Amino acid sequence: MIRTSLPHLILFNLAGVLGCLALVWAARVWKERRRERARTRHQVVCSICGHVFEDAARTDTVVTCPACGRLVQRQAVLDL
């Protein structure tokens, strides 16, 4: 049996609970970031008109914008 005082026992339990909460929080943030990346994986932004559209075919590096009809290179969508 490990002998400990009541204040130390309370501190150990509090540290354990806070550690578990930190792990749960980190896991949820990680899952949300993965979901967001999956949602925006096929999005393309037109550099001319700013139109955001989805193009699931990842074979071409240059796609045509449906709004203005210009050729657009793929680039990452930045969420400001």
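Scroll up for the structure.
These numbers come from a predicted model, not from an experiment.

### Some remarks on the environment of Gln43
Then comes step 1: Tracing the backbone through its elements, the reader meets Gln43 in strand 1 (residues 43-45).
Then comes step 2: When its relative accessible area of 22% is taken as the criterion, Gln43 is described as partly exposed.
Then comes step 3: Taking the C-alpha atoms as reference, Gln43 lies 8.1 Å from Ala56; in sequence the two are 13 residues apart.

### Points about the nonpolar core
Then comes step 1: In terms of nonpolar packing, the biggest core is built from 6 residues, these being Val44, Cys46, Phe53, Val63, Cys65 and Val72.
Then comes step 2: Not counting the four nearest positions on each side in its chain, Phe53 is found in contact with His42, Gln43, Val44, Cys46, Val63, Thr64, Cys65 and Pro66.

### Quick notes on the packing of aromatic side chains
Then comes step 1: Here the structure, examined in full by the defined rule, presents 0 aromatic pairs.
Then comes step 2: Above the plane of the ring of Trp30 lies Arg34, whose end atom (NZ or CZ) is 4.9 Å from the centre.

Conventions adopted
Residues numbered from 1 in each chain as written. Predicted model: local features only at pLDDT ≥ 70, side-chain atom pairs only at ≥ 80, totals over all residues. Heavy atoms only, no water. Helix = DSSP H or I, 4+ residues; strand = E, 2+ residues; numbered from the N terminus. Buried < 20%, exposed > 50% of the residue type's maximum accessible area, 1.4 Å probe, protein only. Core = buried A, V, L, I, M, F, W, Y, C linked by side-chain atoms within 4.5 Å. Contact = heavy atoms within 4.5 Å. Phe/Tyr/Trp six-rings, centres within 6.5 Å; stacked < 30°, edge-to-face > 60°. Lys NZ or Arg CZ within 6 Å of the ring centre and 35° of its normal.

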